[in-house]
Amino acid sequence: MLRQVAEGVLVHESEFVQSNAVVVQGRAGVLLIDPGVQDHEMACLANDLSDLGQSVVAGFSTHPDWDHLLWHPRLGEAPRYGTARCAAAVRDELSDPGAKAEITAHLEPTGIAEQVPLDLYGLITALPAETARIPWDGPHVRIIEHQAHAPGHAALFIEERGVLVAGDMLSDVLVPMLDLTATADPIEDYLAALRLFDGVAGDVGVVVPGHGSVGGADQVRARIEQDRVYVLALREGCIPSDPRVGPSAKPGWEWVSDVHHGQARRLVERNERGGTRG
């Protein structure tokens, strides 16, 4: 079910890892950001939009992780945008004919593999490099591109509504997950992205993470700082203490601890090899 978080901005939360689809109402239809995960959830989203008398006129994928590249036939054939780097990463992935089968195999332990539709997976239209706004007939949506978490990751700032759609950052349930394969300095890339968020934080009234709870104005800077403290601890070679990990983590999110310890270990190994500055 769609829930309004600001004027003309609605969120649909998936059952799977609290994935948030974001709907922005425009003059001729809606912009749909990261539409969801399971088939029945995207069908529900299409029903909700139909009930509102709205159609999708544009889509956007914040980054090239599988759960942000999905689509459903009932959402229509609107262009689905991403940054140039995001689209290039998806093209590289899909150049492997077994890519979709790998996603299905990866999802088998979750019990939702058969519910994730892949026919329209990854059909992303690359926006020209350095594009500053989504090209659509609606509120100005600023693209804040960075290289934290994934190549060509973009947060979207809906300026007239004061809403920051953060992609896989600024979550109350996920610790920062660094891209340890496609960048020479994943820690500095993450810190640079947080500095970009600092630059708009004073104008943000609502933050929507890719996974987790929607936050109000009082949480924006707090989430930025919590992520920064975590990443700085990694830079110092420490295992960060974080309420999103361990016994204090939200029930059902225990697996975040495995990700947390795994990336901390890999960063220590990179430092020992001299692969990360700082």
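**Q** Any chance you could break down the pairing of strand β11 (residues 206-209) for me, citing the residues and the numbers?
**A** Residues of β11 alternate between two faces, with Val-206 and Val-208 on one and Val-207 and Pro-209 on the opposite face, all of them buried. Sheet topology note: the strand β10 (residues 163-167)/β11 ladder contains 4 bridges and is parallel. The partner of Val-165 across the bridge, within β11, is Val-208. When β11 meets strand β12 (residues 215-216), the two strands line up antiparallel, connected through 2 bridges. What sits directly across from Val-206, in β12, is Gly-216.

**Q** Please set out the environment of Pro-79 residue by residue, giving values where relevant.
**A** Within the secondary structure, Pro-79 sits in the loop between β5 (56-60) and β6 (80-82). Looking at Pro-79, the relative accessible area reads 33%, which means it is partly exposed. Separated by 116 residues in the primary sequence, Pro-79 and Arg-195 have C-alpha atoms spaced 30 Å apart. Ignoring sequence-local partners within four residues, the contact set of Pro-79 consists of Val-57, Ala-58 and Gly-59.

**Q** Break down the pairing of strand β2 (residues 9-13) for me, with residues and values.
**A** Burial analysis of β2 places 4 of its 5 residues in the buried class, the great majority of the element. In sequence, strand β1 (residues 3-6) turns back onto β2 through a hairpin of 2 residues, with Gly-8 there showing a positive phi of about 75°. Note that β2 and strand β3 (residues 20-25) share 5 bridges and pair antiparallel. Opposite His-12, over in β3, you have Ala-21 as the bridge partner. Count of turn residues in the β2/β3 antiparallel hairpin: 6 residues, of which Val-17 carries a positive phi of about 40°.

Conventions we followed
Residues numbered from 1 in each chain as written. Predicted model: local features only at pLDDT ≥ 70, side-chain atom pairs only at ≥ 80, totals over all residues. Heavy atoms only, no water. Buried < 20%, exposed > 50% of the residue type's maximum accessible area, 1.4 Å probe, protein only. Helix = DSSP H or I, 4+ residues; strand = E, 2+ residues; numbered from the N terminus. Pairing = 2+ DSSP bridges. Contact = heavy atoms within 4.5 Å.

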